[in-house]
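Coordinates in review
Spelled out from the first residue to the last, the chains are:
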Amino acid sequence: MTPDATTPPLNYKRVMLKISGEALMGPGQYGLHPPTVERIAAEIKSVVDLGVEVCVVIGGGNIFRGLQGSAQGMERTTADYMGMLATVMNALAMQSALEAMDTFTRVISAIPMDQICEPYIRRRAVRHLEKGRVVIFAAGTGNPYFTTDTAATLRATEMGCEAIFKGTSVDGIYDSDPKKNPDAKRFERITYDDVLQKHLKVMDASAIALARDNKLPIVVFSLADSGGFVSILQGKGRFTVVEQK
Ligand code: UDP
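All of the points below concern the structure found in this document. The shown structure was predicted, so the numbers you read here are calculated from the model rather than taken from an experiment.

Overview of the environment of phenylalanine 239
Residue position: phenylalanine 239 is located in the loop between α8 (228-233) and β9 (240-242). Sequence separation between phenylalanine 239 and glutamate 188 is 51 residues, and the spatial gap between their C-alpha atoms is 6.8 Å.

Below you can see the structure in the form of structure tokens.
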């Protein structure tokens, strides 16, 4: 069945939104594009306004990726820490944009940096969500050799989120690249194991396995379409759900 206006709302109470750092670049090649950050903040606000509790993890790829640094001869763990710091900058930019829209927000870092944001304390983070604040988890898992996809899955599980929303540039998972192949077929639903076996580029393999082991559905949707995030929660729009059969 194709999700359309007749699809019942997903009825989630608490969700995790995962976006890559590159989603904040807008038309640029690097860093932050303030109008794009504001547009995504407005998407988040409209979901909060529905009464849904929202966690957010933003990657750091628009500023720095550890693998990139290590390919250039930098020691890998140092490069990964730089990548984690990049995610803190993105989290602060999103906090600023959300607060400019009167949406209460907390940035919580896996690496303590008390002058800038709160340290990660699970119960405190849950309390913020219960009070309707958007909780942005920064600095990934706090460990090198991981990615923010894994961080999003880990925090979503710890927070008791009912699903991870993975915002991408296309409206779901296809059997081939829809930007290159006009006949590419979009999956409505797909299992975690199929994503892993077919090497579909949704999230990295450790994140998919962690989501599978914790039965956490992954909703892949387009962040490029305005209103895409809120539409899905209202039972509209196009997306792919990764879940167990
Ligand atoms: N990173 C890390 N541990 C984590 C999360 C992130 O070391 O738990 C580092 C890693 O170097 C990564 C960078 O932070 O390349 C930025 O994160 P990611 O690549 O996931 O960002 P995205 O591709 O989503 O923008």
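Anyway, onward from the coordinates.
Things to note about the site of the ligand
Lining the immediate surroundings of the ligand are 20 residues, of which Arg65, Asp80, Thr141, Asn143 and Thr148 lie closest. A distance of 2.7 Å separates an oxygen atom of the ligand from a polar atom in the side chain of arginine 65. Asparagine 143 has a polar backbone atom sitting 2.7 Å from a nitrogen atom of the ligand. Starting from 520 Å² of accessible surface for the ligand in isolation, the protein chains cover 92%. The greatest single-element share of the shell around the ligand, amounting to three residues, is contributed by helix α3 (residues 76-99).

Re the packing of helix α1 (residues 34-48) against α3
Remark: α1 packs on α3, axes separated minimally by 9 Å, with the N-to-C direction vectors making an angle of 65°. Crossing angle aside, the handedness with which α1 passes α3 is right-handed. Residues Val37, Glu38, Ile40, Ala41, Ile44 and Lys45 of α1 touch α3, and the partners they reach there are Ala93, Met94, Ala97 and Leu98.

Considerations on the sheet that holds β9
Taken in spatial order, the nine strands make up an open sheet running β4-β3-β5-β2-β1-β6-β8-β9-β7, and their pairing is mixed. Each edge of the sheet is formed by a strand with only one pairing partner; in this case those strands are β4 (118-119) and β7 (189-190). Inspection of the sheet shows β7 paired to β9 by two bridges, in the parallel sense. In the sheet register, isoleucine 190 faces β9, and the bridge partner there is valine 242.

Describing the packing of aromatic side chains
Applying the stated criterion across every chain yields a total of five aromatic pairs. Aromatic pair tyrosine 12 and phenylalanine 165: ring centres 6.0 Å apart, planes at 85°, arrangement edge-to-face. Taken together, the positions of tyrosine 12 in the segment before β1 (14-19) and phenylalanine 165 in strand β6 (residues 163-168) put the pair 153 residues apart, joining distant regions of the chain. By relative accessible area, phenylalanine 165 is classed as buried at 0%. Connected via pairs of aromatic rings, a cluster forms that spans Tyr12, Phe165, Phe221 and Phe229. The ring of tyrosine 120 carries the charged tip of arginine 155 above its face, separated from the ring centre by 3.6 Å.

Section: the pairing of strand β8 (residues 218-222)
Strand residues, when the strand is regular, have side chains that alternate between the two faces of the sheet. Along β8, five of the five residues are buried, which leaves the element largely enclosed by surrounding structure. What you see with β8 is no split at all: Ile218, Val220 and Ser222 on one side and Val219 and Phe221 on the other are buried throughout. Direction of pairing for β6 relative to β8: parallel, over a ladder of five bridges. Its bridge partner being in β8, glycine 167 is matched across the sheet by phenylalanine 221.

Quick notes on the rules
- In this convention, every chain numbers its residues from 1, walking through the sequence in written order.
- At least 70 in pLDDT is required for a residue's local features to be given in this predicted model, at least 80 for side-chain atom pairs to be given and counted, and no such filter applies to totals for whole chains, interfaces and linings, which use all residues.
- Remark: hydrogens and water are excluded; side-chain values derive from all non-hydrogen atoms of the structure.
- Runs of E in the DSSP output that reach at least two residues are strands. Runs of H or I that reach at least four are helices, and both are numbered from the N terminus.
- Residues are classed as near a molecule or strand on a simple rule: at least one heavy atom within 4 Å of it.
- Here a polar contact is taken to be a pair of N or O atoms separated by no more than 3.5 Å, where protein atoms must pair a possible hydrogen donor with a possible acceptor and residues adjacent in sequence count only if both atoms sit in side chains.
- Residue exposure ignores everything except the shown protein chains as possible cover, and the areas themselves are Shrake-Rupley values with a 1.4 Å probe.
- In this analysis an axis means a line fitted to C-alpha atoms, helices contributing only their contacting stretch, and an angle means the value between N-to-C directions, from 0 to 180 degrees.
- Crossings are assigned a handedness: left-handed for a near helix turned anticlockwise from the far helix by less than a right angle, right-handed for a clockwise turn.
- Residue contacts are counted whenever heavy atoms from the two residues lie within 4.5 Å of one another.
- Any two strands between which DSSP finds at least two bridges are classified as paired.
- Each Phe, Tyr or Trp ring, with Trp reduced to its six-membered ring, pairs with another whose centre is within 6.5 Å; inter-plane angles below 30 degrees give stacked pairs, above 60 give edge-to-face pairs, and intermediate values give tilted ones.
- Burial here depends on accessible area, computed with a 1.4 Å probe over protein chains only, as a share of the maximum for the residue type. Under 20% is buried, over 50% is exposed, and the range in between is partly exposed.
- Here, a charge over a ring is recorded when the distance from Lys NZ or Arg CZ to the ring centre is within 6 Å and its angle to the ring normal is within 35 degrees.

That's the geometry; what it means functionally is another story.
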